[in-house]
Structures are given as structure tokens and as C-alpha cells.
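# Fold and geometry: a report
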Amino acid sequence: DAKTTQPDSMESTEGETVHLPCSHATISGNEYIYWYRQVPLQGPEYVTHGLQQNTTNSMAFLAIASDRKSSTLILPHVSLRDAAVYHCILSTSNTGYQNFYFGKGTSLTVIP
Amino acid sequence: DPKIIQKPKYLVAVTGSEKILICEQYLGHNAMYWYRQSAKKPLEFMFSYSYQKLMDNQTASSRFQPQSSKKNHLDLQITALKPDDSATYFCASSQDYRARSDYTFGSGTRLLVI
């Protein structure tokens, strides 16, 4: 069961900064927040993940609310290549057999 | 070079037949997984393996049987195929079943059952 809520779709213009929201009101203390993205005809691609602190890498910045009930994936200066479905997923890292349960995600359209 | 190879890329099968989907990973990972994505539905977890041992099975039907002949192989045998089995099947791997940032997906096998 997907334990996250995301908007079905969002639209942005090339060069803008995009904020993709995710709500996870029932998150447990040991659950990590993962973001993956998927383009048509490809498998999902890892974007970033975090537990409590904001994180940043070459792809995105992940802002996690202080109560951890929501997070926002921030994509700076989006390009056409960033158009994809973005999935926000919760996953426990230190127990066995936990696997990713995907929802529908947010379909990001980037306009030239 | 692709790190996870799935073969074939496309597959058409007749109802009632049996097919094997191939997955090989060259990442040195010890855990491998199968997911399924039907048209307009979310990606659905099916199986997880660690060191060639089944760890989790979320697939109700016994018609789906993973097979691991080598540590870096996890094939998926599907018997008595039905049109509802039509989907894209993704293989994935990670260093171990707890490591997540290196969780990598293949590009999928698109199965059509007619």
C-alpha cells in the first residue's frame, strides 16, 4: 500500500525551479523517504532519499518537514530531460524484506 | 553499458503458454527483485531475493516462479499465461536487501499475452 500522497500532475517551464510535494502523514520513525523518477519505456531511476535532515545531490534537493509528515523534492533549473513521473516512497532500511511500494506519482511536464 | 540486462525487451505470448524472462545484473549486488507494471497502474512489487534465497513474495499466483541459477541472475518463469499478465516486468537489484540508495532497475521486458 502506498503511504504517500502526491498531486497527479504538475507543469513547469524550462529553467524554472520545480517543487514537487509529498504527504506522508503516517510515516514511522524508522522510515526513509525515497524519490524515484520514471520516464516512459524505462525503469525507475533513483533521485534521492532522506530520513530527517534535508539532503542535496547533483539531481535534486530534498526538503523534509520538521515533523516528517511531508517532504518536497526541489528540482532547480529543470530541463526537458527532467520530464518524468516522480515517485515519493517510504521504505524501512533496517528490517528485512522491506520493498518499495509505488503509487501513481506526479507526472511532471516541462514546457520548452 | 547497461548494468542490469533484461531479455527479451519485447515478448508476445499465446494464452496458456509458458515464458521465462531473463535478468542479469553486473553491479556485484547480492539482492535482486522483480516488479510488474500493468497499463496505467503503479509499479507493483513481486519478489525479493538475497544471496539467491527468496526473502519476500507478494505475488498471489504460483504461476510466477523466480529462478536464480547464479548470484547475479534472477529469471522469472510464468506458466499458463493469461491476457491479464500483460505488463512490463522490471528487474532490480541492490547491494543487499537493506541498502536503498543503490537500488537499480532494469529497463524492463514488455510482455503481451494474446
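Below you will find a few notes about this structure. (Residues numbered from 1 in each chain as written. Chains lettered and ligands numbered in written order. Predicted model: local features only at pLDDT ≥ 70, side-chain atom pairs only at ≥ 80, totals over all residues. Heavy atoms only, no water.)

### Description of the nonpolar core
Residues and elements named next belong to chain B. Membership of the largest hydrophobic core comes to 20 residues, with the highest contact counts inside it found for Trp34, Leu76, Ile78, Tyr89 and Leu111. If you list the elements that add at least two residues to this core, you get β2 (10-13), β3 (19-25), β4 (31-37), β5 (44-50), β8 (75-78), β9 (87-94) and β11 (109-113). Beyond its immediate chain neighbours, meaning those up to four positions away, Tyr89 contacts Gln6, Leu21, Trp34, Tyr35, Arg36, Met46, Phe64, Leu76, Ile78, Gly108, Thr109 and Leu111. (Core = buried A, V, L, I, M, F, W, Y, C linked by side-chain atoms within 4.5 Å. Buried < 20%, exposed > 50% of the residue type's maximum accessible area, 1.4 Å probe, protein only. Helix = DSSP H or I, 4+ residues; strand = E, 2+ residues; numbered from the N terminus. Contact = heavy atoms within 4.5 Å.)

### So, the state of the cysteines
Scanning all chains against the criterion turns up two disulfides over all chains. Each sulfur in the disulfide pair Cys22 of chain A and Cys88 of chain A lies 2.1 Å from the other. Its S-S torsion of about -85° marks the bond between Cys22 of chain A and Cys88 of chain A as left-handed, since a negative value means left-handed. Residue Cys22 of chain A is found in strand β2 (residues 18-23), and its partner Cys88 of chain A is found in strand β8 (residues 84-92); the two are separated by 66 residues along the sequence. Each member of the pair, Cys22 of chain A together with Cys88 of chain A, is buried. Between the sulfur of Cys23 of chain B and that of Cys91 of chain B lies a disulfide, 1.9 Å long from S to S. (Disulfide = S-S within 2.5 Å.)

No statement about biological role is implied by the geometric values presented.
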